[in-house]
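Report on the structure
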Amino acid sequence: MEIIVKLFIGFAIFFTGVVLNVRIMRRTGGKAEGFMPMLSFIIICAGLVALVVMASTIQVSL
C-alpha cells in the first residue's frame, strides 16, 4: 500500500503540471510567453523529482 501511495503522489504532481501546460497552450494557441509556461515546466520537473525520490525510498523486501 505504501508503494501505491508514494507513486500516486509523484504522478499527481507531474500530471498537474502537464494539465496546466496543456491549458496554457490551448489559451495562447501554442505560443505562450512569459512566466506561465515556466511555472508549468517547474511543476512538471518537481513532479518528476518527487516521483524519483518517492520511488527510491520504497523498501522492497524479498
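This text goes with the structure placed above it.
1. A word on the overall build of the protein
Helix and strand content of the protein: two helices and zero strands. Its C-alpha atoms give the protein a radius of gyration of 15 Å, more than 25% over the compact-globule value 11 Å for 62 residues. In terms of overall dimensions, the protein has C-alpha extents of about 50 × 15 × 10 Å along its principal axes. Evaluated residue by residue, the protein yields a buried proportion of 19% over its 62 residues. Of the contacts made within the protein by residues no fewer than 6 positions apart, 68% connect residues no fewer than 24 positions apart.

2. Regarding a nonpolar patch on the surface
Judged by side-chain polarity, Met-1, Ile-4, Val-5, Ile-9 and Ile-13 come together as a nonpolar surface patch covering roughly 490 Å² of accessible area. Topologically, Ile-9 is positioned in helix α1 (residues 2-28). Exposure remark for Ile-9: the relative accessible area of 35% places this residue in the partly exposed category.

3. Things to note about the side chain of Ser-40
Note on placement: Ser-40 falls in helix α2 (residues 35-56). By relative accessible area, which is 1% here, Ser-40 ends up buried. Engagement of the side chain of Ser-40 in a polar contact is seen with the backbone oxygen of Pro-37, the distance being 2.9 Å. Those residues in contact with Ser-40 that sit more than four places away from it in its chain are Gly-17, Leu-20, Asn-21 and Ile-24.

4. Quick look at the packing of aromatic side chains
Inspection of every chain in the model, using the stated rule, returns two aromatic pairs. The interplanar angle of 20 degrees and the centroid separation of 6.1 Å between the aromatic rings of Phe-11 and Phe-15 together place this pair among those described as stacked. Within this pair, Phe-11 and its partner Phe-15 are both found in helix α1, separated by four residues, close to a single helical turn. The class of Phe-11 is partly exposed, set by a relative accessible area of 39%. Given a relative accessible area of 45%, Phe-15 falls into the partly exposed group. A network of ring pairs unites the aromatic residues Phe-11, Phe-14 and Phe-15 as a single cluster.

Thresholds applied
Residues numbered from 1 in each chain as written. Predicted model: local features only at pLDDT ≥ 70, side-chain atom pairs only at ≥ 80, totals over all residues. Heavy atoms only, no water. Helix = DSSP H or I, 4+ residues; strand = E, 2+ residues; numbered from the N terminus. Rg over C-alpha atoms; globule rule 2.2 N^0.38 Å. Buried < 20%, exposed > 50% of the residue type's maximum accessible area, 1.4 Å probe, protein only. Contact = heavy atoms within 4.5 Å. Patch = residues over 30% accessible without salt bridge, like charges linked within 9 Å, V, L, I, M, F, W, Y side chains within 5 Å. Areas by Shrake-Rupley, 256 points an atom, 1.4 Å probe, with all protein chains shown as cover. Salt bridge = Lys/Arg side-chain N within 4 Å of Asp/Glu carboxyl O. Polar contact = N/O pair within 3.5 Å; in protein donor to acceptor, adjacent residues only side chain to side chain. Phe/Tyr/Trp six-rings, centres within 6.5 Å; stacked < 30°, edge-to-face > 60°.

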